[in-house]
Amino acid sequence: MALVVIVGPPGSGKTTVGRALAAALDAPFRDADADIADAAGKPIPDIFVDEGEDHFRALEREAVRRALAEHDGVLALGGGAVLAESTRKLLADATVVHLKVDLGEAVKRTEIDKGRPLLQVNPRATLRRLMDERLPLYREVETFAIDTTGRDVDDLTAEITAKLAVRTVTVNDAEQPYPVLIGRGTTDRLPEFLGKASRVAVLHTASTAPLAERVGALCPDGVEATLMELPDAEDGKTVAVAEQVWEALGAEGFTRTDLVVGVGGGAVTDLAGFVAACWLRGVAVVHVPTSLLGAVDAAVGGKTGVNTAAGKNLVGAFHPPRAVLVDLDHFTTLPRRDLAAGLAEVVKAGFISDPVILDLVEADPEAALDAANPVVAELVERAIAVKAEVVGPDLKEGGLRAILNYGHTFAHAIEKLEHYRWRHGDAVAVGMVYAAHLNAITGRVDLVERTKSVLASLGLPTTYEAGRWDDILKVMKIDKKNVGATQRFVLLDALAEPVVVDDVTADQQREAYERLTA
Ligand SMILES: NC(=O)c1ccc[n+]([C@@H]2O[C@H](COP(=O)([O-])OP(=O)(O)OC[C@H]3O[C@@H](n4cnc5c(N)ncnc54)[C@H](O)[C@@H]3O)[C@@H](O)[C@H]2O)c1
Ligand SMILES: O=C(O)C(=O)C[C@@H](O)[C@H](O)[C@H](O)COP(=O)(O)O
């Protein structure tokens, strides 16, 4: 395992929690204070008495340097170890857990311990001074912080273990690479991505209001969070709603260094990204997707936009986020139908690039529909990895990115004809069946049955109303992929071999519709 370092003030529980964490991770535990005492051949209070604090700090720097180089497991540092700049530099690349505790509880936890030389006289005042002095240094080195006040060791260990399991996919955007954090509790990492913001606009809907409150509360003193509630789903993805948000930003005096945070499904993150792209010609946006679809698709890649009378997503901008915090805990409140809709885009990633996704879903569709099942984490990470590989080199859809539109030509037509009342993922599911028929009709690959069966196993629709071909064709003719009057489709030459083609005839298109609706 990789090294995990525990820091924090006296009484925060570094040794106790460190030991429990090591046991939970089945990894060795090491205590830097014990190393110092071993090296000196006497207990730490005796070092303070005999040689003084400066000598102790020199021993500590060396003990920590050695432990960081040698140890592979959990390492607890003494409370003052971060005072050394050389130690803080060494911690820059490590995973550092900062244990916090409030003063009253720290006093209680330390008062019976006579092994703490700095706390022998006036412990409360001394602890307060040490905590005030060292807090900025713990913050400087922390990967994340956990408040231990009033909590038991098992509870703390479970939270730290979950936070350590966070995976990061980096989107190598040409202008500014950005991280997509995937795991449980990633929402709490927001403070790392505030930059120089003194104002944060948290955009959300009624369904994500409690979470938006929590996100606002993560902003430290000096950073003012304003919550802005949007109409739900596609009703929020309009120019009129964007304009209301811009007016609110103006009233707040929102500047170029301030930050927009989108907390919600794909509709919220699309709107939040669009608002951020246009305000002052571009301010930073961080996405906290709360739907599966938002996490695996909408929040990643920098496509932002609104719907207009002309069609779906026809007005928008490419505006990559500063970071995406995919918190798997949020999916547990998603209705099954919305989980399934998100899985439609996951399955799309399987067909265009990563067939292991299809194998996983086919092996156990019910597990894929259970937000608490570990397979969901794997599916999410795989789908995001597919998206990151595509949008990194091609933000503006100059070529490769079009493959992400597999199934979407027909899907966007359904969405428009249904006045955006269909779930996006449902429409994409039907669109992929249409694309599968086109693959077969144009002599490429026959994945029709596999497509229908994997989607149906998730409870997704695989067919559409008959008798609407003329309306559908009309909408497909204004698809964004088209070049002039030439329609372009994303098809598959084989599984995971997508291709963008411009020679699908009118008869083939109609035939695919007939087969879809038969
Ligand atoms: N920008 C892109 O690259 C991209 C990619 C895919 C989709 N999209 C867009 O994303 C939108 C679809 O996203 P969506 O499927 O998330 O729809 P959505 O945002 O409308 O959310 C679906 C429903 O789930 C609710 N919801 C969200 N999170 C919840 C939670 N944790 N618990 C309970 N309810 C919750 C919402 O309030 C909403 O009612 C479409 O507008 C689509 O065009 C954009
Ligand atoms: O990110 C992309 O590029 C995609 O095409 C992802 C699609 O899954 C997504 O539905 C996107 O909203 C479609 O974009 P659009 O440009 O076709 O509106």
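Look above for the structure.
As a starting point, this report considers the structure included with it. (Residues numbered from 1 in each chain as written. Chains lettered and ligands numbered in written order. Predicted model: local features only at pLDDT ≥ 70, side-chain atom pairs only at ≥ 80, totals over all residues. Heavy atoms only, no water.)

**Re the pairing of strand β8 (residues 199-204)**
Right, so step 1: With five of six residues buried, β8 is to be regarded as a mostly interior element.
Right, so step 2: Pairing of β8 with strand β9 (residues 224-229) involves six bridges; the strand directions are parallel. Bridged to Leu-203 within β9 is Met-228.
Right, so step 3: Of the crossover connections in this fold, the one passing from β8 over helix α9 (residues 209-217) to the parallel β9 is right-handed.
Right, so step 4: Two elements, β8 and strand β10 (residues 259-264), share four bridges in a ladder whose sense is parallel. Paired with Ala-201 across the strands is Val-260, a residue of β10. (Buried < 20%, exposed > 50% of the residue type's maximum accessible area, 1.4 Å probe, protein only. Helix = DSSP H or I, 4+ residues; strand = E, 2+ residues; numbered from the N terminus. Pairing = 2+ DSSP bridges. Right-handed = clockwise from strand over helix to strand, strands pointing away.)

**Regarding empty space enclosed by the protein**
Right, so step 1: What the rule picks out here adds up to three cavities of 30 Å³ or more.
Right, so step 2: Roughly 110 Å³ of volume is contained in the largest cavity.
Right, so step 3: Around the largest cavity, the lining is made up of 13 residues, and of these Lys-312, His-412, Val-475, Ile-478 and Asp-479 lie nearest the centre.
Right, so step 4: Elements that contribute at least two residues to the lining of the largest cavity include exactly β13 (311-318), α17 (408-417) and α20 (469-476). (1 Å grid on protein atoms, 1.4 Å probe; cavity = no way out; pocket = protein on both sides within 12 Å on 5 of 7 lines; lining within 4 Å. Points joined across faces, edges and corners; volume = space filled by probe spheres on them.)

**Section: the packing of aromatic side chains**
Right, so step 1: Tallied over the full model, the rule gives eight aromatic pairs.
Right, so step 2: Between Phe-410 and Tyr-434, the aromatic rings sit 4.4 Å apart at their centres with planes inclined by 20°, giving stacked as the arrangement. Of this pair, Phe-410 sits in helix α17 while Tyr-434 sits in helix α18 (residues 424-441), and the two are 24 residues apart along the sequence.
Right, so step 3: Owing to a relative accessible area of 2%, Tyr-434 belongs among the buried residues under this scheme. (Phe/Tyr/Trp six-rings, centres within 6.5 Å; stacked < 30°, edge-to-face > 60°.)

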